[in-house]
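# Examination of the molecular architecture
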Amino acid sequence: MKPLKHIFVSSLVAATFLGGSSAMAAGLSADALLSSNGQILSDVSTFAGIGDFEDMNGDALSAAFRAPGSVVQLSDGSILVADTRNHLIRKISGGKVTTFAGPELVVTKNNQGFPTGGLVDGKSSESFFNEPTGLAVDAKGNVYVADSANNAIRKVDTNGQVSTLAGNGVPGSKDGKGAEAKFNHPSDVAAAGDGTVYVADSLNHVIRKIAVDGSVSTLNAAATRAIQIRPGEASFAGEFQDGSLATAKFNEPAGLVLDSKGNLFVSDTGNQRIRYIDLQAGTVTTVAGSTPVLSNQTIYDKNELYAGGDFADGDALKAKFDFPKGLAVTSEGGVLISDSLNHVIRYLLNGKVSTIAGTVQTGEADGVEQAAEFYNPNDVLVTAQGNIVVADSSNNKIRKITPYQLPGNLANNNQVKVVNGDKVILFDAEPEIQGGRTMVPVRAISETFGYEVKYVELAGKSVVQLIKGDVTVELTIGETGVVRKQVGQSDVKQVTDASPYVKQDRTYVPVRFFAEQIGLDVQWDAAHQTAILRTKSYVK
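Residues numbered from 1 in each chain as written. Predicted model: local features only at pLDDT ≥ 70, side-chain atom pairs only at ≥ 80, totals over all residues. Heavy atoms only, no water.

### Remarks on the overall build of the chain
- Along the chain, the regular secondary structure elements total 4 helices and 46 strands.
- Computed over the C-alpha atoms, the radius of gyration of the chain is 26 Å, within 12% of the 24 Å expected from 2.2 N^0.38 for a compact globule of 540 residues.
- With the C-alpha coordinates of the chain rotated into their principal frame, the extents come out at 85 × 55 × 45 Å.
- Looking at the chain as a whole, 54% of its 540 residues are labelled buried.
- Long-range contacts, defined as pairs at least 24 residues apart, comprise 48% of the intrachain contacts of the chain with a sequence gap of at least 6.
- Accessible area of the chain: about 22,300 Å², with a carbon and sulfur share of 49%.
- Taking the average place of the 48 positive charges on the side chains of the chain and the average place of its 58 negative ones, the gap between the two points comes to 0 Å. (Helix = DSSP H or I, 4+ residues; strand = E, 2+ residues; numbered from the N terminus. Rg over C-alpha atoms; globule rule 2.2 N^0.38 Å. Buried < 20%, exposed > 50% of the residue type's maximum accessible area, 1.4 Å probe, protein only. Contact = heavy atoms within 4.5 Å. Areas by Shrake-Rupley, 256 points an atom, 1.4 Å probe, with all protein chains shown as cover. Lys, Arg positive; Asp, Glu negative; His and termini not counted. Charge placed at Lys NZ, Arg CZ, Asp CG, Glu CD.)

Shown next as structure tokens:
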């Protein structure tokens, strides 16, 4: 079974019509295998980076980044990374990391010993950036950069020349053409097929538009809410308002992506919402996220910059986020969301929000979807190959989420089957279903995972012992329950509703309870009569 086979055509069509910036590659929900709670089965791995806050090219798994902020894919399949705190654009291709734009060698450092940025156009290897945060690619292969600390939008053309499309390095809020325009920490860009570039101008709380001739205009209303940020010092803060685009308001919008209609999804980060700009209708609506109205009849506490973040899946307009940032659109019309301070990747589809991978805690563990960990993921990309790539910013890594696929050699019949990741487990007697549980011959399943099988008599009962190192898993013939013993630790007993039995000189055990005791994730795919066993988590 190859459930993601049909997605490639849609990704190429999307690149043609939308300039490639929306990464509409996968119909995730339609194609995927689902867990018992409806979560898409996937495996999270490290694609590049060792986790050190450093600057090193070379083999992808030995390379180092500093707070990567964005990821996009080029037409040749390579991945570009906005390596924000290294002030570089890096490239991952063929298992290697190289510098795509920015100086190969660190020219100047600050008093903490970290690289400093600059604003210099020209040949890519001689150009300078300053905290590049967002990336987009157009249909011709030109790369656009939200060069955040330079308050400018940069362009790397297909000849490797860097130019400043708009902005001049000075923070401000001003429309105009090219260098006349001013931005304030732009965080993301989206490139439309007609050459228009949209900008999430974060600290101005607006969405800007750069026309083909370089003219910059502001699409929505400026924020007028004033707060006291410290005694005697006031500042304007973002606001929230849906409705007409001309009067709509945002709070530090940080992520943009174009859909198949040429309209924009926006991560309205400070409002903890995903908004939708219908450019043809000139309207803004909230499509996901909610925050309570407080006693002061607003969504903000007094003198607070942001609405309160939280976590909840479910109905989109009741779901809760905590600083959502990077976005990617799938071919089935869904939106992947880097929910940065919840440390998870979420998915908005058909009015529902679900969690694709990660848990609401910081960490860097690889593994299956619910056991993997992220730390401040800032951006997400769906590749033409059907994988999800994440800029895992505070882990200084690029991670990959691969939708799980059953082994290609799995028999297409009604017999009960068991797989270990991408391998079919072979048995000398067929597994079977008893009382709704998958029962398997114990010797084959234990040997697959390196366990020795012993049969002992304990208190007049026949006990199967599965032994590996200092761990022993015990199951008693004819009785429910599993006991896990480990030297130096208390026994762990698990109540089960299935008991081992002997049939034709073979001992059958419930695969779920054994597998869970040795740290495996267990899922049942009814369509293929297959029990799926996968390693839950591991740290590389």
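Next, the rest of the story.
### As for the sheet that holds strand E8 (residues 132-137)
- Spatially, E7-E11-E10-E9-E8 is the arrangement adopted by the 5 strands of the open sheet, whose pairing is antiparallel. Across the chains shown, the open sheet's two edge strands, defined by having one partner strand only, are strand E7 (122-123) and E8.
- Note: E7 against strand E11 (residues 161-166), 2 bridges, orientation antiparallel. The partner of Lys123 across the bridge, within E11, is Gln161. (Pairing = 2+ DSSP bridges.)

### Some words on the pattern of salt bridges
- Summed over the entire model, instances satisfying the criterion amount to 28 salt bridges.
- Of the charged contacts, one joins Asp175 and Arg208 as a salt bridge, the two residues approaching to 3.0 Å between their closest N and O atoms. Taken together, the positions of Asp175 in the loop between E11 and strand E12 (176-177) and Arg208 in strand E15 (residues 206-210) put the pair 33 residues apart, joining distant regions of the chain.
- The buried category is assigned to Arg208, whose relative accessible area is 0%.
- Residue Glu239 pairs with Lys249 through a salt bridge whose shortest N-O separation is 3.3 Å. With Glu239 in the loop between strand E18 (233-237) and strand E19 (243-244) and Lys249 in the loop between E19 and strand E20 (253-258), this residue pair connects regions lying 10 residues apart in the sequence. Summarising the burial analysis for this pair, Glu239 and Lys249 share the class buried.
- Members of the salt-bridge network, linked through shared partners, are Asp43, Glu369, Asp521 and Arg534. (Salt bridge = Lys/Arg side-chain N within 4 Å of Asp/Glu carboxyl O.)

### Quick notes on the UniProt feature "repeat: NHL" (unreviewed entry) in the chain
- In this numbering, the UniProt entry assigns the feature "repeat: NHL" (unreviewed entry) to residues 129-159, 172-213 and 373-404.
- Its end C-alpha atoms 17 Å apart, residues 373-404 is made of 0% helix and 56% strand. (UniProt positions renumbered as here; feature names shortened; annotations may be inferred.)

### Looking at the sheet that holds strand E34 (residues 423-424)
- The strand order across the open sheet formed by 4 strands is E34-E33-E45-E44, and the pairing between neighbours is mixed. Unpaired on one side and paired on the other, E34 and strand E44 (520-525) mark the two borders of the sheet.
- Summarising the sheet, strand E33 (residues 417-420) and E34 pair through 2 bridges and their orientation is antiparallel. Bridge pairing in E34 links Val419 to Val424.

### A closer look at empty space enclosed by the protein
- Scanning the model with the defined rule gives 1 cavity of 30 Å³ or more in all.
- Its volume calculated, the largest cavity comes out at about 120 Å³.
- Together, 14 residues line the largest cavity, and Asn86, Pro103, Leu105, Val106 and Pro115 are the ones closest to its centre.
- A breakdown of the residues in the lining of the largest cavity according to their chemical character gives 8 nonpolar, 4 polar and 2 charged. (1 Å grid on protein atoms, 1.4 Å probe; cavity = no way out; pocket = protein on both sides within 12 Å on 5 of 7 lines; lining within 4 Å. Points joined across faces, edges and corners; volume = space filled by probe spheres on them. Nonpolar A, V, L, I, M, F, W, Y, C, P; charged D, E, K, R; others polar.)

### Comments concerning the layout of surface pockets
- Of the pockets and cavities examined, the second largest pocket occupies roughly 450 Å³.
- Along the wall of the second largest pocket there are 25 residues; nearest its centre are Thr133, Ser148, Ser187, Lys325 and Asn378.
- Elements with a minimum of two residues in the lining of the second largest pocket: strand E3 (68-73), E8, strand E13 (186-191), E20, strand E25 (324-329) and strand E30 (377-382).
- Of the residues in the lining of the second largest pocket, the class split is 4 nonpolar, 15 polar and 6 charged.

### Things to note about unusual backbone geometry
- In this structure, Ala67 takes a positive phi of about 50 degrees despite not being glycine.
- Of note, the phi angle at Gln272 is positive, near 60 degrees, even though the residue is not glycine.
- With respect to the helices, strands and loops of the structure, Gln272 is situated in the loop between strand E21 (264-268) and strand E22 (273-278).
- The exposure class of Gln272 is buried, given its relative accessible area of 1%.

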